[in-house]
Amino acid sequence: KMSFALAAHEGSVRCLSVASAHVTITAAAAVQLSESNNKKRKRKQQEQENGTKEMIVEPGSMLSGGYDESIRIFHLHKHAEAGEFRSPSNLGTPTCSSFAPPSNSTVPSTHALVGLTSGKILLYRRKDWQVQHVLSGHEEKSGGVSCIAVHPSGKMALSGGVGDGRIVLWDLTKGRLAFVTKLPPLS
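*Asks:* Please provide a residue-by-residue account of the packing of aromatic side chains, values included.
*Replies:* Here the structure, examined in full by the defined rule, presents three aromatic pairs. Seen in terms of ring centroids, Phe85 and Tyr124 are 4.9 Å apart; in terms of plane orientation they differ by 55 degrees. Their pairing is tilted. In this pair, Phe85 is assigned in strand S4 (residues 80-86) and Tyr124 in strand S7 (residues 120-125), connecting sequence segments 39 residues apart. Ring geometry for Phe85 versus Trp129: centroids 5.7 Å apart, planes at 35 degrees, classification tilted. Here Phe85 is found in strand S4, whereas its partner Trp129 is found in the loop between S7 and strand S8 (130-136), with 44 residues between them in sequence. When its relative accessible area of 17% is taken as the criterion, Phe85 is described as buried. Members of the aromatic cluster, joined through ring pairs, are Phe85, Tyr124 and Trp129.

What follows is the structure, encoded as structure tokens:
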């Protein structure tokens with residue numbers, strides 16, 4: 001449930017992605033948060049015996065891309081904007097985005113991918129928001145990148161083109177194209 005609103009862009013918002021913040025706590029603290037008294041004792045004994053820890057996932061960051069060519073980052077737990085930068089002017093406007101590894105992963109997101117109207121995908125390092133790789137695999141004349149999906153490991157991603165009929169598999173560890181397939185046109 002969102003209990004706040006923030007102005008994001010001067011034009012319309014074109015894409016949104018949310019990354020989870022992973023907080024590691026001791027199993028005993030997790031027990032206090034989520035279980036009844038009887039289960040607490042048993043679980044606490046197990047935790048003391050093997051020293052296990054548990055992870056809680058909560059909202060972390062939100063990335064939004066707009067028609068104004070800006071990309072804005074928000075801290076969801078602080079209800080505040082964390083920063084803003086522009087996509088390189090010769091690469092077009094953001095069309096889609098995703099965090100790597102994605103929010104449903106057990107590993108915190110370290111990178112963000114932003115698809116552009118130029119057909120390129122920018123791979124940003126979240127630590128300092130520097131571009132790590134510019135991935136080229138879709139055609140600008142067809143409308144660029146329409147969607148990005150990242151594998152839970154964060155090592156591979158798929159992207160689809162707006163009108164080029166291509167699905168591209170990316171190797172994010174090396175920052176390069178791994179495989180391309182062209183879908184047959186609809187008749």
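*Asks:* Give a description of the pattern of salt bridges that names residues and reports values.
*Replies:* Applying the stated criterion to the full structure yields three salt bridges. Across the pair Arg72 and Glu81 runs a salt bridge, and its minimum N-O distance is 2.3 Å. Ionic contacts of the salt-bridge type, sharing partners, join the residues Arg72, Glu81 and Glu84 into one network.

*Asks:* Describe unusual backbone geometry, listing the residues and the values that go with them.
*Replies:* Note the cis peptide between Ala100 and Pro101, where omega equals -15 degrees. As for its placement among the helices and strands, Pro101 is situated in the loop between strand S5 (94-100) and strand S6 (111-116). Positioned with a positive phi, Glu69 is a non-glycine residue whose angle comes to about 70 degrees. As for its placement among the helices and strands, Glu69 is situated in the loop between strand S2 (53-66) and strand S3 (70-75). By relative accessible area, Glu69 is classed as partly exposed at 25%. Despite not being glycine, His79 shows a phi value in the positive range, around 60 degrees. Mapping His79 onto the fold places it in the loop between S3 and S4.

*Asks:* Quick one: what's the story with the sheet that holds S6, residue by residue and with numbers?
*Replies:* A sheet is described by the order of its strands in space; here four strands give the open sequence S5-S6-S7-S8, paired in antiparallel fashion. Because the sheet does not close on itself, it has two edges, and the strands there are S5 and S8. Strand-to-strand twist in this sheet, taken as the mean axis angle between neighbours without regard to direction, amounts to 20 degrees. The pairing of S6 with S7 spans five bridges and is classified as antiparallel. Counted as the bridge partner of Gly115 is Ile121 from S7.

Cut-off values and rules
Residues numbered from 1 in each chain as written. Predicted model: local features only at pLDDT ≥ 70, side-chain atom pairs only at ≥ 80, totals over all residues. Heavy atoms only, no water. Phe/Tyr/Trp six-rings, centres within 6.5 Å; stacked < 30°, edge-to-face > 60°. Helix = DSSP H or I, 4+ residues; strand = E, 2+ residues; numbered from the N terminus. Buried < 20%, exposed > 50% of the residue type's maximum accessible area, 1.4 Å probe, protein only. Salt bridge = Lys/Arg side-chain N within 4 Å of Asp/Glu carboxyl O. Pairing = 2+ DSSP bridges. Axes fitted to C-alpha atoms, helices over the stretch in contact; angles between N-to-C directions.

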